[in-house]
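Structural overview for review
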Amino acid sequence: MRHIYLERIKRLQAIAQAGLTYTPNPFDRERFEELATLSHQLMADLVGLSQARIEDFYLEEKGYPTPKVDVRGVVLQDDRFLMVREVFDGCWSLPGGWADVGLSPAENVVKEILEETGFEAEPVRFLGVLDHSLHPHPLTPCHIYRLFIECRLTGGSARTSVESTAVDFFSLDQLPPLSVNRITEPQLQRLYQQLQQVHAPAFFE
């Protein structure tokens, strides 16, 4: 139920932000500002953060609200996934992160793999996109679309970064503790199945 309430609160926040972006009426602006404050209060109560933290999170959000985009590089070598141990929680995920403005999804994923693992890579094919809110991830104040792109290593060597404390390869039957805010075991299983089908269409929700 907490996930359901969070999605409703996100929708209220999005309506408030869109209203503040487009309304020319000062009286409506006051109403949208109040709606935004109420959504921040509700979200703070739900996720266990202070209202100030929630407001700081949305401070940079301007214009019409849209989902954030996260890109993940999927490298399968010798039947094992390339993974990184995240500084954030000490658990493991596929290399990747928020998409940077000015770069294509393919350029973003190549950059993330190099920065987080030390390996050079090239994109092979788009595997699919998942909606963060439709999976058992921890609660988050933003709506996220996660893109998965199959990549092939072309050079470099394993090294850590400011975002990763270890780099390694893991098979599905020997997975390490996963950073479940970024990836889950069922999602890795789905990606593995997708990789086995060269001509499979990309999945989406």
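Rules used throughout
Residues numbered from 1 in each chain as written. Predicted model: local features only at pLDDT ≥ 70, side-chain atom pairs only at ≥ 80, totals over all residues. Heavy atoms only, no water. 1 Å grid on protein atoms, 1.4 Å probe; cavity = no way out; pocket = protein on both sides within 12 Å on 5 of 7 lines; lining within 4 Å. Points joined across faces, edges and corners; volume = space filled by probe spheres on them. Nonpolar A, V, L, I, M, F, W, Y, C, P; charged D, E, K, R; others polar. Phe/Tyr/Trp six-rings, centres within 6.5 Å; stacked < 30°, edge-to-face > 60°. Helix = DSSP H or I, 4+ residues; strand = E, 2+ residues; numbered from the N terminus. Lys NZ or Arg CZ within 6 Å of the ring centre and 35° of its normal. Core = buried A, V, L, I, M, F, W, Y, C linked by side-chain atoms within 4.5 Å. Buried < 20%, exposed > 50% of the residue type's maximum accessible area, 1.4 Å probe, protein only. Contact = heavy atoms within 4.5 Å. Expected span 1.5 Å × (residues − 1). Arc of directions from axis to C-beta. Axes fitted to C-alpha atoms, helices over the stretch in contact; angles between N-to-C directions. Parallel < 35°, antiparallel > 145°, perpendicular 65-115°, else oblique. Left-handed = near helix turned anticlockwise from the far one by under 90°.

1. Some points on empty space enclosed by the protein
Taken as a whole and judged by the stated rule, the model has 1 cavity of 30 Å³ or more. For the largest cavity, the calculated volume is near 30 Å³. Partitioned by chemical class, the residues of the lining of the largest cavity number 3 nonpolar, 5 polar and 2 charged.

2. Observations regarding the packing of aromatic side chains
Evaluation of the coordinates by the stated rule reveals 3 aromatic pairs. Pairing Y22 with Y64 gives two aromatic rings, centres 6.4 Å apart and planes at 45°, and the pair type is tilted. With Y22 in helix α1 (residues 2–22) and Y64 in the loop between α3 (51–59) and β1 (68–74), this pair connects stretches of sequence that are 42 residues apart. Geometry around W98 places K68 over its ring, the cationic atom sitting 5.6 Å from the centre. Across from the ring centre of F203, 4.4 Å away, lies the NZ or CZ of R190, which sits over that ring.

3. Observations concerning the nonpolar core
Ranked by size, the top nonpolar core spans 16 residues in total, and within it V74, M83, L94, F148, L188 and L191 carry the most contacts. A total of 3 residues in this core trace back to one element, the largest contributor, which is helix α5 (residues 185–195). Residues contacting L94, with those up to four places away along its chain left out, are R72, G73, V74, F81, L82, M83, V84, E86, F148, I183, L188 and L191.

4. Some details on helix α4 (residues 105–117)
Note that an α-helix has 3.6 residues per turn; residues three or four places apart therefore point the same way. In this model, α4 (13 residues) spans 18 Å end to end at C-alpha, consistent with the 18 Å of a helix rising 1.5 Å per residue. Residues N108, V109, E112, I113, E116 and T117 constitute the buried set of α4. In an axial view of α4, the angular spread of the buried residues amounts to 130°, which keeps them on one side of the axis. Lining the buried residues of α4 we find β1, β3 (80–86), β5 (96–98), β6 (119–131), β7 (144–156) and β8 (164–170).

5. Topic: the packing of α1 against helix α2 (residues 26–47)
The contact between α1 and α2 brings their axes to 8 Å, and the two run at 155°. In terms of orientation, α1 lies roughly antiparallel with respect to α2. Relative to α2, α1 is oriented so that their crossing is left-handed. For the pair α1 and α2, the contacting residues are R2, Y5, L6, I9, K10, L12, Q13, I15, A16, G19 and L20 in the first and R29, F32, E33, L35, A36, S39, H40, L42, M43, L46 and V47 in the second. Per-class residue counts for the contact of α1 with α2 are 14 nonpolar, 4 polar and 4 charged.

6. Considering the layout of surface pockets
As a volume, the largest pocket reaches approximately 680 Å³. Taken together, 25 residues form the lining of the largest pocket, with F88, W98, T140, N181 and R182 sitting closest to its centre. Elements supplying a minimum of two residues to the lining of the largest pocket: α3, β1, β5, α4 and β7. Residue classes in the lining of the largest pocket are distributed as 11 nonpolar, 4 polar and 10 charged. Approximately 380 Å³ is the volume attributed to the second largest pocket. Forming the boundary of the second largest pocket are 19 residues, of which K10, A14, P65, T66 and H143 lie nearest the centre. The dominant element in the lining of the second largest pocket, judged by the number of residues it contributes, is α1, at 8 residues. Among the residues forming the lining of the second largest pocket, the class breakdown is 10 nonpolar, 4 polar and 5 charged.

Limitation: the analysis is restricted to geometry and does not speak to function.
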